[in-house]
Every structure is written in structure tokens, then in C-alpha cells.
Amino acid sequence: MITGTLTSETFLKAVELTPTTAEVFDEAYEATTQYVPWPKAYGGDMVAQAAAAMMRSVDADRTLHSMHSYFMRPVDIGSSVRYEVERLRDGRGYSTRTVRGFQNGKAVYAAMGSFQVPESGPDFQPEAPAAVEPESLRTAAEALDGVDGQAAEYWSTGRSFDMRHIPGPVYIDLEGGSVPQQAIWVKAFDALPDDADLHRTALAYVCDYTILEPLLRVNGLNWSSPGLATASLDHSMWFHRDGRADDWVLYAQDAISGQSNRGLAMGRFFDRHGRLLATVAQEGMIRAGASTVLPQLSSASTTHH
């Protein structure tokens, strides 16, 4: 039976930053990774925490428009990560930052981000894909009704966001068949503050949970497949327009390529009015049928998300 409370507190705690003394670059912050029922922390913790740290380092007139990340080592759950930010450049229209995450005396994560002072100009985007309404889809808790265990509890209530799959989830079965795409309606369980940067950070946080799932689908896998081992290797994200993560957002995802036990997937976030909010590209390691779960490279390196 699923008993957890539907709250976005996990996300909000993840992006709480505490200023600390910089040891490597120009300024530093500490943040704590949140509980997951897998061996290592969730990769979205690092992406969102690094984004929040970079946002702290720029003037309020500019916003994050792109971010590129590498996951280098496993990160401990419930432990502090120190994010060191380097102010590479501040121009009239753009600012560039690097950030490196450290834990246990080693670099575990690295990212680069670019900020822009918004300008007026032509506006173009692709049309949002047609999708059934989120209210007609099962919640994760409904999809996992009758399934016990820490994984089912976490998938249902522990991720801070309501996530509803099209054509169906891949938690314990491959619902919807071996197709190279899927879409997920996403919305924070709680109303979030009116802070555009926080909503960008929320998209950065939630995007890592499911971005490798189209690659699982094309290989006939689900998160409960015996011997499955996955890891997020690198991650890129572009922020196009302001939106709200506490309103329904459609996360349309495609498997692009798979080879050498690596796969590339892409995702696009559209608001309910069809506005393109952000684009994601992520490469991951996917090894199926291993006799044991292999060492993890990131949060997403857990056998499940």
C-alpha cells in the first residue's frame, strides 16, 4: 500500500544552498542530496543544485539559457556536496559560469552554464505533440497499486512531482511496447513560489528521472528488468521560455541512438498551451542482463529512477 505524502518538499530541500568558503574558484555553496532507495544519489540533485549555484553568481538582469554537465563519480545520499562557481565572463548581454561539485575530497560533477539578458526578437518553435489530457492518465501510485516496497513508494510519492506516462510507465512492466518515444505529463505536487529561476531549476531537477526511458523501451526493458544497470554520463539543457513547473508540463522524449552500451535521448518540455519551455539531451550507460548491478556513476546510475 502506498502511504507517502504528496509533497514537493524533497525538491525544495534539494535546492537549498548554504554559502561556504571557496577553496578552488570564486564562490561556493553547499547542498544536500535527498533520499532515494537506490545505492547512490539522484543525478537531478546535482543538475538542479549546480544550476541554483550558478544563478546565485549572476546579476538579476540575466537568466540561464543553457547548461552542460558531466557526472563523474557516485554521490552519497543525504550528504553535502560543495559547489564551486567560477565567474568566467560577464559581458553586457551574456555571462558564462563553470561549476564543480566536490564530495569526500573528490570532484564528482562538473558543469558549464550561460546566462543572457533577455532581448526582443523573432519567436519560433515546433508545435507541441498531440497528447491525451493528464487528468485522464493514471498517477504513479495508481499504476503501482498493489506493488509493495521502497521503490514503489518512492516512484509514487517521493519524487516531488506527479508524473503520468504516455503510453504507459516502465516501472515493473514495459507498458506501451518497444517504441523509441514516450511522453510524460509532469507537475509539482505543491504550488511553488513565483520565482522564474526556481521553476527553471525544477525542470532541471525533474528531467533526469525519465530521460533514459525511451532507450529502455527500444531495448524491451523496464526499471525492474533483472541485472539492469544504468548511469547518466552527460547532460545538456536549453531554457527557451519561462513557465511554471507547478502547472502541467508535457515532457516529450525520443531515443536517438544506442551503441556500445551507451544511448542518447532527447526531451522537450511544453506547457499546456503548447509553448516550448526547454530542451534536454542526455547520454547514458545502459547495460542489460548483468549478473550484478555495476558501480554507479551518478544518481541516475541506480538500477531504478
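What you are looking at is a predicted structure, and each value in this text was computed from that prediction instead of being measured.

(A) The side chain of Asp246, seen in detail. Residue placement: Asp246 occurs in the loop between β9 (229-239) and β10 (249-259). Within the structure, Asp246 has its side chain in polar contact with the backbone nitrogen of Leu192 (distance 2.8 Å). Of the polar contacts made by the side chain of Asp246, one reaches the side chain of Arg244; its length is 2.9 Å. Setting aside residues up to four positions removed in sequence, Asp246 forms contacts with Lys187, Ala188, Asp190, Ala191, Leu192 and His199.

(B) Summary view of the side chain of Ser57. For Ser57, the location among the structural elements is in the loop between α2 (43-56) and β3 (63-71). Classification of Ser57 by relative accessible area gives buried; the value is 8%. Of the polar contacts made by the side chain of Ser57, one reaches the side chain of Arg97; its length is 2.8 Å. Not counting residues up to four positions away in its chain, the partners in contact with Ser57 are Glu27, Val85, Arg87 and Arg97.

(C) Representation of the sheet that holds β10 within the structure. Reading across the sheet, the 12 strands line up as β1-β2-β4-β5-β6-β3-β9-β12-β11-β10-β8-β7 and stay open at both edges, with antiparallel pairing between neighbours. If you trace the sheet from one side to the other, it starts and ends with β1 (18-20) and β7 (161-166), each paired once. Averaged over neighbouring strand pairs, the angle between their axes works out to 25° when direction is ignored. As defined by bridge partners, β1 adjoins strand β2 (residues 27-32) across three bridges and the pair is classed as antiparallel.

(D) How the structure looks around the pairing of β9. By the criterion of burial, β9 is predominantly enclosed, with 10 of the 11 residues buried. Here β9 runs beside strand β12 (residues 276-287); their pairing, made up of 10 bridges, is antiparallel. Among the inter-strand pairings, Asp234 is bridged to a residue of β12, identified as Glu283.

(E) Structural detail: the layout of surface pockets. Approximately 520 Å³ is the volume attributed to the largest pocket. Lining the largest pocket are 18 residues, with Gln116, Pro118, Glu119, Phe239 and His240 positioned closest to its centre. Elements with a minimum of two residues in the lining of the largest pocket: β3 and β9. When residues of the lining of the largest pocket are assigned to their parent elements, the largest contribution, three residues, is made by β3.

(F) Focus on unusual backbone geometry. A cis geometry characterises the amide bond from Ile166 onward to Pro167, with omega recorded as 10°. For Pro167, the position within the fold is in the loop between β7 and β8 (181-188). The residue Ser160 is not glycine, and still its phi comes out positive at about 75°. The topology assignment puts Ser160 in the loop between α4 (150-158) and β7. In the Ramachandran plot, Asn261 falls in the positive-phi region, its phi being about 60° despite a non-glycine side chain. Among the structural elements, Asn261 can be located in the loop between β10 and β11 (262-271). Here Asn261 falls in the partly exposed class, since its relative accessible area comes to 43%.

So, how was this worked out
Residues numbered from 1 in each chain as written. Predicted model: local features only at pLDDT ≥ 70, side-chain atom pairs only at ≥ 80, totals over all residues. Heavy atoms only, no water. Helix = DSSP H or I, 4+ residues; strand = E, 2+ residues; numbered from the N terminus. Polar contact = N/O pair within 3.5 Å; in protein donor to acceptor, adjacent residues only side chain to side chain. Contact = heavy atoms within 4.5 Å. Buried < 20%, exposed > 50% of the residue type's maximum accessible area, 1.4 Å probe, protein only. Pairing = 2+ DSSP bridges. Axes fitted to C-alpha atoms, helices over the stretch in contact; angles between N-to-C directions. 1 Å grid on protein atoms, 1.4 Å probe; cavity = no way out; pocket = protein on both sides within 12 Å on 5 of 7 lines; lining within 4 Å. Points joined across faces, edges and corners; volume = space filled by probe spheres on them.

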